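Observations on the three-dimensional arrangement
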Amino acid sequence: MLEFNNCPYRNAPYMGPHSEWVVDLYQKYFGDKTDGFLVEIGVGCVLDWQRMGTPKMLDWDNDEIIRGESHTLELLENGWTGIYIESIHELIDNELDPLLKKILPEEQYNNIKMVKCGASDKKEVVRIYNQESLESSEDSTVDVIVPYNYQGRKLLCDATSTILEDNDCPSDIDFMLIDVEGFEVNVLNGLDFSKHLPKLMLIEISNTPFQTINSMICDRYDFIHHDGLNAMFVHKDFSKE
């Protein structure tokens with residue numbers, strides 16, 4: 001079976017992608033699969049800033065580093081590879097990239113793609129107003145990056161499947177996580193299922209209603225479970241029910 005031993009929130013009494021029911025579904029659908037492929041859209045923080053203090057650009061040789069609550073990182077530690085798509089540059093440069101270098105063998109780290117971009121239904125300029133949350137902007141100029149000062153920042157988005165194609169994503173994706181604070185409809189509309197077909201999808205539903213997400217994909221996916229924050233769906237051809 002897949003091993004999940006490194007998440008510090010394993011027994012935490014709250015919801016999220018670290019919840020035990022998610023791990024149970026990983027193990028149910030993937031068993032001991034160690035060559036899976038994942039895509040995470042909207043990576044967010046992978047460090048525990050509540051315990052580390054105010055977000056800042058870190059000195060990884062001297063600063064205290066406390067790992068946060070991502071289960072996809074544990075899939076990588078089980079041998080998986082994948083693509084991470086994140087619109088806030090610092091979350092890749094200052095957190096995800098150095099953490100992956102620390103926890104993965106060099107050969108495996110080199111197989112992980114990290115993309116500083118926003119996923120949407122088309123190429124467009126958007127404004128970040130709350131972490132991964134995006135809204136359309138008529139201005140076509142992308143702002144200069146100021147570390148961890150992302151509110152109001154503008155950036156270029158592209159269609160989800162275009163980003164995946166540009167980064168050599170296989171057509172068969174074992175697991176996709178979408179956590180984009182209300183931009184889920186755009187991300188799903190930009191996903192061409194004839195080109196990229198996730199077997200299992202975990203989608204945040206705290207800002208985009210579950211009914212909306214389910215109605216968009218119900219012809220291809222069966223709903224499995226949700227905890228009020230995230231919902232899991234399985235492709236009908238992969239379902240074990």
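Read on for an overview of the structure. (Residues numbered from 1 in each chain as written. Predicted model: local features only at pLDDT ≥ 70, side-chain atom pairs only at ≥ 80, totals over all residues. Heavy atoms only, no water.)

**Looking at the sheet that holds strand 3 (residues 113-116)**
Read from one edge of the open sheet, 7 strands run 3-2-1-8-9-11-10, paired in mixed fashion. Strands at the two margins of the open sheet, each flanked by one partner only, are strand 3 and strand 10 (221-226). Taken over all neighbouring pairs, the strand axes of this sheet differ in orientation by 15 degrees on average, direction set aside. Alignment of strand 8 (residues 172-178) against strand 9 (residues 197-204), held across 6 bridges, turns out to be parallel. Across the sheet, residue Leu177 finds its bridge partner in strand 9, namely Leu202. Together, strand 2 (81-86) and strand 3 form the strand contacts of helix 4 (residues 89-103), whose direction differs from that of strand 3 by roughly 170 degrees. Contacting strand 9, strand 10 and strand 11 (230-235), helix 8 (residues 210-217) runs over the sheet at an angle of about 10 degrees to strand 11. (Pairing = 2+ DSSP bridges. Helix = DSSP H or I, 4+ residues; strand = E, 2+ residues; numbered from the N terminus. Axes fitted to C-alpha atoms, helices over the stretch in contact; angles between N-to-C directions. Contact = heavy atoms within 4.5 Å.)

**Some words on the pattern of salt bridges**
This structure, assessed with the given rule, holds 15 salt bridges. With its nearest N and O atoms 3.6 Å apart, the salt bridge here joins Asp97 to Lys101. In this pair, Asp97 and Lys101 both sit in helix 4, 4 residues apart, roughly one turn of the helix. Of the residues examined, Asp97 reaches a relative accessible area of 16% and is grouped as buried. A salt bridge links Glu124 to Lys122, with the nearest nitrogen and oxygen atoms 3.6 Å apart. Taking relative accessible area as the criterion, Glu124 reaches 10% and is therefore assigned buried. The network of salt bridges with shared partners includes Asp121, Lys122 and Glu124. (Salt bridge = Lys/Arg side-chain N within 4 Å of Asp/Glu carboxyl O. Buried < 20%, exposed > 50% of the residue type's maximum accessible area, 1.4 Å probe, protein only.)

**Examining the pairing of strand 8**
It is a general feature of regular strands that their side chains alternate between the two faces of the sheet. Extensive coverage of strand 8 is indicated by the burial of 6 of its 7 residues. One ladder, built from 4 bridges, connects strand 1 (residues 37-41) with strand 8; its direction is parallel. In the strand pairing of strand 8, Ile41 is matched with Ile178. Traced from strand 8 through helix 7 (residues 184-189) to strand 9, the parallel crossover comes out right-handed. (Right-handed = clockwise from strand over helix to strand, strands pointing away.)

**Looking at the pairing of strand 10**
Where strand 10 and strand 11 come together, 5 bridges link them in antiparallel fashion. By the bridge assignment, His225 is partnered in strand 11 with Met232. Connecting strand 10 to the antiparallel partner strand 11 that follows it, the hairpin turn spans 3 residues, and Gly228 within it adopts a positive phi of roughly 90 degrees.

**Side note on the nonpolar core**
In terms of nonpolar packing, the biggest core is built from 72 residues, with Val39 and Phe175 touching the most fellow members. Looking at this core element by element, the count peaks at 7 residues for helix 1 (residues 20-30). Residue contacts for Phe175: discarding those within four places in its chain leaves Tyr26, Phe30, Phe37, Leu38, Val39, Thr72, Leu75, Trp80, Leu200, Met201, Leu202 and Met232. (Core = buried A, V, L, I, M, F, W, Y, C linked by side-chain atoms within 4.5 Å.)

**With respect to the side chain of Glu40**
With respect to the element layout, Glu40 can be found in strand 1. Comment: no salt bridge for buried Glu40; closest opposite-charge side chain is Arg67, at 11 Å. Here the side chain of Glu40 touches Thr72 through a polar contact of 2.5 Å, side chain to side chain. When near neighbours in sequence (up to four residues on either side) are disregarded, Glu40 contacts Ser70, Thr72, Ile83, Tyr84, Ile85 and Leu177. (Lys, Arg positive; Asp, Glu negative; His and termini not counted. Polar contact = N/O pair within 3.5 Å; in protein donor to acceptor, adjacent residues only side chain to side chain.)

**Topic: the packing of aromatic side chains**
Under the counting rule described, the total for this entry stands at 10 aromatic pairs. Taken together, a centroid distance of 5.1 Å and an interplanar angle of 80 degrees make the contact between Tyr26 and Phe175 edge-to-face. Highlighted residues: Tyr26 in helix 1 and Phe175 in strand 8, separated in sequence by 149 residues. There is no split in this pair, since Tyr26 and Phe175 are both buried. One aromatic cluster is present, built from ring pairs that chain together Tyr29, Phe30, Trp80 and Phe238. (Phe/Tyr/Trp six-rings, centres within 6.5 Å; stacked < 30°, edge-to-face > 60°.)

**Quick look at the environment of Pro198**
As for its position among the elements, Pro198 is in strand 9. Among the residues examined, Pro198 registers a relative accessible area of 0% and is labelled buried. Residues Pro198 and Ile173 lie 25 residues apart in sequence; the distance between their C-alpha atoms is 4.4 Å.

**Regarding the environment of Glu40**
The exposure class of Glu40 is buried, given its relative accessible area of 5%. With 137 residues separating them along the chain, Glu40 and Leu177 place their C-alpha atoms 4.7 Å apart.

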